[in-house]
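In case you want the letters, here they are:
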Amino acid sequence: MRSRARACTHMRDNDRVTSATRQPEPPAAATRPRLIATDLDGTLLRDDKSVSPRTVAALAAAEKAGIEVFFVTGRPARWMDVVSAHVHGHGLAICGNGAAVVDLHGGPGSHRFVKVRELPQENALDAVRLLREAAPGTVFAVEQTYGFHQEPAYPKLHMEVPDDLLPAEEILAPGGRAATEPVLKILAFHPELDPDGFLTLARLAIGDRANVTRSSPSALLEISGPDVSKASTLALCCAERGISHEEVVAFGDMPNDVEMLTWAGRSYAMGNAHPDVIAAASGRTVANNDDGVAVVIERMLADLT
């Protein structure tokens, strides 16, 4: 088992950037940005999971110009080592699709949970039951602040060693394996369904008991607490800093980024983005492998001088 070390606070072409054809660049484009919110996989990171030198330089230049950078990801805290060296001054990241705000200053293995917005036990059990009924063959895993549990049939989708191999109902039962710390999200995988079709089906089945989204190219869903999303937690963090949504520039590529891109004053879909993301964003940039986030940041900083 992993160590349970820290207390949590509970609460709920490379040179060219094109504007979205859905609508013109919003008036907020004239607002000086104060915070950059960027997804990681498929967005800031290249496909080999590296951060390019160009992107590292762009992030550092943004922070030097007084613009905070927040990594806003579906990844759990233990998978944040890939960017821990690039958090500069503040060291905070939003993980688990908004389920946790994590201080990365401690380095690998020492991340501190600043804020946790858990999936209540009753809601988690309801989501599992309803999705089993709506999509037979679904298998589950349970992500906690430090623990990770999965059903025996859940595929080895990541380099992950689970704490337990048990049915989700047993993991989530009162007094069960997940009772010792907050549940951040449930992962639901189906071996046959279309990913977007599975997402639509799950949202209809689960309703307002939980927030359902996805970030994987496979039929893998991520189920969080009601109203918990990248956008809602980013809004809380911005409110604490006196930053309005008009002062936020956001980047993303998958359905779990849609709410954040809609909320931010300026937002950019990556060249490799899902169609729903392209529709939600106010602008577009090039693909992650072409340093699309850096392209926008460089232009933005040039406009500020």
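The structure we're discussing is the one just above.
Rules used throughout
Numbers given to residues run from 1 along each chain, matching the order in which its sequence is written. Local features in this predicted model are restricted to residues whose pLDDT is 70 or higher, and side-chain atom pairs enter the listing and the counts only when it is 80 or higher, whereas totals over whole chains, interfaces and linings include all residues. Heavy atoms throughout the structure, all of them, feed into the side-chain values; hydrogens and water do not. The pairing criterion is simple: DSSP has to find at least two bridges between the two strands. In this description a helix means any DSSP run of H or I spanning at least four residues, a strand means any run of E spanning at least two, and both kinds are numbered starting from the N terminus. Contact definition: two residues touch when any of their heavy atoms are within 4.5 Å. Convention adopted: a line fitted to C-alpha atoms gives each axis, helices being fitted over their contacting stretch, and angles between N-to-C directions are expressed from 0 to 180 degrees. One speaks of a salt bridge when a side-chain nitrogen belonging to Lys or Arg is within 4 Å of a carboxyl oxygen belonging to Asp or Glu. Burial status follows relative accessibility: with a 1.4 Å probe on protein chains alone, a residue under 20% of its type maximum counts as buried, one over 50% as exposed, and anything between as partly exposed. Residues enter a nonpolar core if they are buried and are Ala, Val, Leu, Ile, Met, Phe, Trp, Tyr or Cys, with the set joined through side-chain atoms within 4.5 Å.

**Student:** How should I be thinking about the sheet that holds strand β12 (residues 220–224) in this particular structure?
**Tutor:** Strands in a sheet are paired, the pairing made by backbone hydrogen bonds, and the direction either parallel or antiparallel. Read across the open sheet, the six strands follow the order β9-β8-β7-β10-β12-β11; overall the sheet is mixed. Two strands lie at the open edges of the sheet, namely β9 (164–165) and β11 (211–213), each paired on one side alone. Of the pairings in the sheet, the one linking strand β10 (residues 183–189) to β12 comprises four bridges and is antiparallel in character. Paired with Ala188 across the bridge in β12 is Leu221. Seen against the sheet, helix α5 (residues 195–206) touches β10, β11 and β12 and runs at an angle of roughly 175° to β11.

**Student:** Honestly, the pattern of salt bridges in this entry has me stumped. Any pointers?
**Tutor:** Taken as a whole and judged by the stated rule, the model has 20 salt bridges. Among the ionic pairs, Arg78 bridges to Glu143, the shortest N-O distance being 2.6 Å. On the criterion of sequence distance, the pair formed by Arg78 in the loop between β3 (68–72) and β4 (92–95) and Glu143 in strand β7 (residues 139–144) is long-range, its members being 65 residues apart. Residue classification places Arg78 among the partly exposed residues on the basis of a relative accessible area of 24%.

**Student:** What am I meant to see in the nonpolar core here?
**Tutor:** Soluble, globular proteins show a tendency: their nonpolar side chains are buried together. The biggest cluster of nonpolar side chains holds 35 residues, and the ones touching the most others in it are Ile36, Phe71, Met80, Val83, Phe113, Phe251 and Ile297. Of all hydrophobic cores here, the second largest spans 25 residues; its members include Leu131, Val142, Ile206 and Ala219.

Treat this as a map of the structure, not an account of what it does.
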